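# Fold and geometry: a report
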Amino acid sequence: MPAIAAINNLLSQANSESLEEILYCSVAVPLLQTKIQLDRILAAAHRRNLAAGITGMLMYYGGGFIQILEGPKQSIHQTFENHISKAAGHTAVNIVCRNEISNRSFGDWTMGFIGSAEIESIIHFSLSGVLMNMLTAEAKKRSLSVGVRGFVSIYNQMRQSPYR
Ligand SMILES: Cc1cc2nc3c(=O)[nH]c(=O)nc-3n(C[C@H](O)[C@H](O)[C@H](O)COP(=O)(O)O)c2cc1C
């Protein structure tokens, strides 16, 4: 193979494998706020994210969502464009930030979920403690990505909000 083709090949391989994170927020449609509908979204998200090599965290709070996804650039792009931005469960989907990252922060969470008080009582589980422990441990090891810092900052503001 000519050198230039070999280099191009290597570059495109590296490109297709490079990791990206995306942080977005959205507004839940009123009909979505039941356990069954959230379960359906999470089940589909787990299944597809596992196949696509995507990990991350979804938080529902007072009628809104914030989600961070991380994974191969191509997978993030396809999942966001084809599934998330078109999902019937939410509207006003706005990207907060999108960055290349060198490693994952959410390990093997195909999609962790944190609910606000009213949803937690329905969903029966919360990853908030897990998230905080994980991030504290992660933070000690290395600096957090822009997306994770954004997610944690919004998470903390929501936890402190009197309207929870
Ligand atoms: C808040 C929210 C988060 C979502 N997260 C993911 C995700 O992480 N991965 C994915 O493949 N799909 C995700 N989806 C898409 C859902 O899986 C999709 O809504 C579900 O398949 C039902 O399809 P429908 O909304 O078109 O009826 C998400 C949708 C919503 C509303």
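Parameters and conventions
Residues numbered from 1 in each chain as written. Predicted model: local features only at pLDDT ≥ 70, side-chain atom pairs only at ≥ 80, totals over all residues. Helix = DSSP H or I, 4+ residues; strand = E, 2+ residues; numbered from the N terminus. Buried ≥ 20, exposed ≤ 12 C-beta atoms within 10 Å, placed from the backbone. Core = buried A, V, L, I, M, F, W, Y, C linked by C-beta atoms within 7 Å. Arc of directions from axis to C-beta. Near = placed C-beta within 6 Å. Nonpolar A, V, L, I, M, F, W, Y, C, P; charged D, E, K, R; others polar. Contact = placed C-beta atoms within 7 Å.

## Focus on the overall build of the protein chain
Secondary structure assignment for the protein chain yields 6 helices and 5 strands. In the protein chain, the succession of α and β elements from N to C terminus is α-β-α-β-β-α-β-β-α-α-α. Within the protein chain, the proportion of its 164 residues that are buried is 27%.

## Let's talk about the nonpolar core
I22, M57, L58, M59, F65, I68 and F151 are the most contacted members of the largest nonpolar core, which totals 26 residues. Broken down by secondary-structure element, the contributors of at least two residues to this core are β1 (19-28), α2 (35-52), β2 (55-61), β3 (64-72), α3 (73-84) and α6 (146-160). Per-element tally for this core: the top contributor is β2, with 5 residues.

## Regarding α3
The complete set of buried residues in α3 reads S75, I76, T79, F80 and I84. Within α3, the buried residues cover an arc of 120 degrees as seen down the axis, which keeps them to one side. Opposite the buried face of α3, at more than 90 degrees from it, the exposed residues are E81 and N82.

## Looking at the site of the ligand
Lining the immediate environment of the ligand, one finds 17 residues, of which A44, A45, R48, A87 and G89 sit closest. Elements that contribute at least two residues to the shell around the ligand include exactly α2, β3 and α3. Counting residues per element, the shell around the ligand draws most heavily on α2, at 5 residues. The residue makeup of the shell around the ligand, split by class, is 10 nonpolar, 6 polar and 1 charged.

## What about the environment of L58?
Mapped onto the fold, L58 is located in strand β2. When sequence neighbours within four positions are dropped, the list of residues in contact with L58 reads F65, Q67, M111 and F113.

## Examining the environment of G107
Secondary-structure assignment places G107 in the loop between β4 (90-101) and β5 (112-115). Taking the C-alpha atoms as reference points, G107 and E70, separated by 37 residues in sequence, lie 9.6 Å from one another.

## Some points on the environment of G150
Inspection of the secondary structure assignment puts G150 in helix α6. Sequence spacing of G150 and C97 is 53 residues, and the spatial spacing of their C-alpha atoms is 8.5 Å. Discounting residues that sit within four places of it in the chain, G150 has contacts with L23, V96 and C97.

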